[in-house]
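Okay, here's what each chain looks like letter by letter:
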Amino acid sequence: MPAVTFSDPALRSPHPRLGSAVSLTGVAKEYGTGEAKVTALRSVDLDLPYGELVLLVGPSGCGKTTLISIVAGLLDASEGEVEVLGQNLTRMGGGRKVRFRGENIGFVFQQYNLLPSLTAAENASVPLLVAGWDRKKAVAKAGELLTAVGLGDRLKSFPNQLSGGQQQRVAIARALVHDPRLLVCDEPTAALDAASGRTVMTLIRQVAVEADRAVIVVTHDSRVYDFGDRIVFMSDGRIEKVEARQPARDVAPS
Amino acid sequence: MNWVALKMLTGDKAKYFGIVFGVGFAALLMAQQSSIFCGLMRNTTSQIRDVQGADLWVMDRNVQFVDDVKPLSENDLYRVRGVPGVKWAVRLYKGQGRARLADGNFQQMLILGLDNATLVGAPGPARIVHGNIEDLRQPDAVFIDEFGWRYLFKDEPFVPGRKTLELNDKRAVIVGMCKCSPTFQTFPILYCTYSQAVQFIPQERKTLSFVLAKADPDVPPAEVCRRIDVQTGFKALTDDEFFWTTIRYYLQRTGIPINFGITVALGFFVGCAIAGQTFYLFTIENLKQFGALKAMGVGNLRLVRMIMLQALVVGVIGYGIGVGGAALFGYVFERVVKSAPPAFYFPWQILVVTGGAVVVIVTLAALVSMRRVLVLEAGVVFR
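Residues numbered from 1 in each chain as written. Chains lettered and ligands numbered in written order. Predicted model: local features only at pLDDT ≥ 70, side-chain atom pairs only at ≥ 80, totals over all residues.

Caption draft 1: Looking closely at the overall build of chain B. Regarding its fold elements, chain B presents 12 helices and 10 strands. A compact globule built from 383 residues would reach a C-alpha radius of gyration of about 21 Å, whereas chain B, at 29 Å, exceeds it by more than 25%. Taking the principal axes of the C-alpha coordinates as reference, chain B spans close to 95 × 50 × 30 Å. Within chain B, the fraction of its 383 residues that count as buried is 42%. Considering only contacts in chain B between residues 6 or more positions apart, those separated by 24 or more positions represent 83%. (Helix = DSSP H or I, 4+ residues; strand = E, 2+ residues; numbered from the N terminus. Rg over C-alpha atoms; globule rule 2.2 N^0.38 Å. Buried ≥ 20, exposed ≤ 12 C-beta atoms within 10 Å, placed from the backbone. Contact = placed C-beta atoms within 7 Å.)

This is how it looks when you write it as structure tokens:
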């Protein structure tokens, strides 16, 4: 995939081989105060390498979403150090963090969150538009990526004309169009049937995992455990164990 | 991202048209009602604007507006002429007479009696539709205004001297027709000589309604007014002063501004409510999308710009539809209603004020929505 030119080189992560993609040290997160205080994360330490697909699994309320929100710079940790792609997010200001996110992180959401009034190609081009690309060039590049994920014939379709699996593929194309160094996926298969879920995970495995990119997938779905290089099990705001796996690579996108 | 903002706005057609309709309706109501109000106010001053050729109106000190006639005596004309700086001064009769029509009905008429020698105050050539103003010097001759003719004689073609009226048992022969500004009272207007006018009304001791005067070229009219005031004790006003004195009287002494003000305010509030609510709903429905954009690196400032752009677009379109509709209303109104003078005046100030109100409406609507987007945590996309 061709590299994307970003506006602020200082925000680009250093060479991926130099360290972990994500490094969390003693990260805690509390919501509310006083009696209403809820502890979502308790002193989490975690290192995620480049070039792997990491699954973050655990029961509802165990802190998975809070953890990826902190990793993605959407939420500030109450305690601890958060280093993502070589940048310390704990000490990064709000505006800088917004730009850092836009330039380095791709998102795949459970409910796709596509803009209903944009076509598939236009939706996939949004991160490039955020980065200041010319609209025609951005849509053309998004079209190339959509073709790569098997939606070359649906470039001009609107989200309501696509199936759930196809919409998630558009979301994956959108998440990767600006060549991010970190891809964060929140329950990407939760709204899909088993077959579509496998297709989507295969796609993420095939298209997203690269030597200089880290992929984190939050999931409840034990059927997709096969796709992870590493599985982080969480419970009650803590990491229980981290398990290395031999991932499945045998399902092609439909 | 402006393009994305516009696509988001126009993507939901129902809401998009709902917001535009809200703004458009508010603009229409405000512009149309303001135009009718301005038209009515302007109509109260039609004789001041139509009487041409003089600089100054001299009247009894207690006159409050143009229809509040308190007659002067004939000698008062000579007192005004004696004031230094007055180049010339002539009589003007302005009053109402009751005309008996051919079918036996009666109709109130507005009578303007012009100085016999000079005909100062007569309509200029551009306003003459039929006849020659010099024909007023013929016995019993009157000119009638266009609306008056249509009101009394419908679509009958005008033939000089064919139609007659009876006022105070005196015959009035219609020898000409002229255009007049629409009047507040909508009575037909008759122009005639001063000596003729006093024949058309029941005998009164004093009949001089106003003295029309011209200032010497080397003396400012305001200074001449002051001298008339000091020397004669009469009130002397320039055209412009008399115009605004009359407008002020109607603003202060009638319920017209309050009634129209209420309607205009209603238009504003209805516009705020419809546009604000629909815009807010539109934003709430797109909250997840805004959250996704935030996650993808769109900052608050950019989101504010996107929402303001959306507000600006619906504001401009709604404003265009509203003021366009109001202008169309006035255009059609003037052409459809032939028998009554229209009370519709659409000056540029109404465009500006309506535009300002629309800016307030869309800004309020945008602010309400913007608040929700600005406090939105980008993490909402994971919930």
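Caption draft 2: Here's a closer look at the sheet that holds strand β2 (residues 38–48) of chain A. Residue and element names in this part refer to chain A. Taken in spatial order, the 4 strands of this open sheet run β2-β1-β4-β5, and their pairing is antiparallel. Unpaired on one side and paired on the other, β2 and β5 (87–88) mark the two borders of the sheet. Note that strand β1 (residues 22–31) and strand β4 (residues 79–84) share 5 bridges and pair antiparallel. In the strand pairing of β4, S23 is matched with E83. (Pairing = 2+ DSSP bridges.)

Caption draft 3: Representation of the domain arrangement of chain B in the model. When its domains are assigned, chain B resolves into domain 1 (2–44 + 256–382) and domain 2 (73–233). Inter-centroid distance (C-alpha atoms) of domain 1 of chain B to domain 2 of chain B is 48 Å. (Domains from an automatic or database assignment.)

Caption draft 4: Spatial organisation of the environment of I239(A). All names here are of chain A. By the element assignment, I239 lies in strand β10 (residues 238–244). C-beta crowding within 10 Å serves as the criterion here: with 21 such atoms nearby, I239 is assigned to the buried category. Separated by 182 residues in the primary sequence, I239 and V57 have C-alpha atoms spaced 9.7 Å apart. In contact with I239, not counting residues within four places along its chain, are V44, L46, V232 and M234.

Caption draft 5: Focus on unusual backbone geometry. Its identity as a non-glycine residue notwithstanding, D236(A) has a phi of 50°, on the positive side. Considering the arrangement of structural elements, one finds D236(A) in the loop between β9 (230–235) and β10. Overall, the presence of 14 C-beta atoms within 10 Å leaves D236(A) in the partly exposed class. Non-glycine residue D140(B) carries a positive phi angle of around 60°. Residue position: D140(B) is located in the loop between β4 (128–130) and β5 (141–145). The partly exposed category is assigned to D140(B), around which 18 C-beta atoms lie within 10 Å.

Caption draft 6: Summary view of the packing of helix α11 (residues 300–336) of chain B against helix α12 (residues 348–374) of chain B. Between α11(B) and α12(B), whose axes approach to 9 Å, the crossing angle comes to 145°. As α11(B) runs across α12(B), the sense of the crossing is right-handed. (Axes fitted to C-alpha atoms, helices over the stretch in contact; angles between N-to-C directions. Left-handed = near helix turned anticlockwise from the far one by under 90°.)

Caption draft 7: Representation of the environment of E204(B) within the structure. Along the chain, E204(B) turns up in the loop between α6 (194–197) and β9 (210–215). Separated by 124 residues in the primary sequence, E204(B) and V80(B) have C-alpha atoms spaced 22 Å apart.

Caption draft 8: Highlighting the interface of chain B and chain A. The interface is formed by 19 residues belonging to chain B together with 24 residues belonging to chain A. Listed by contribution, the elements that provide at least two residues to the side of chain B that touches chain A are α1 (2–11) and α10 (287–295) of chain B. Ranked by residue count, the leading element in the side of chain B that touches chain A is α1(B), at 6 residues.

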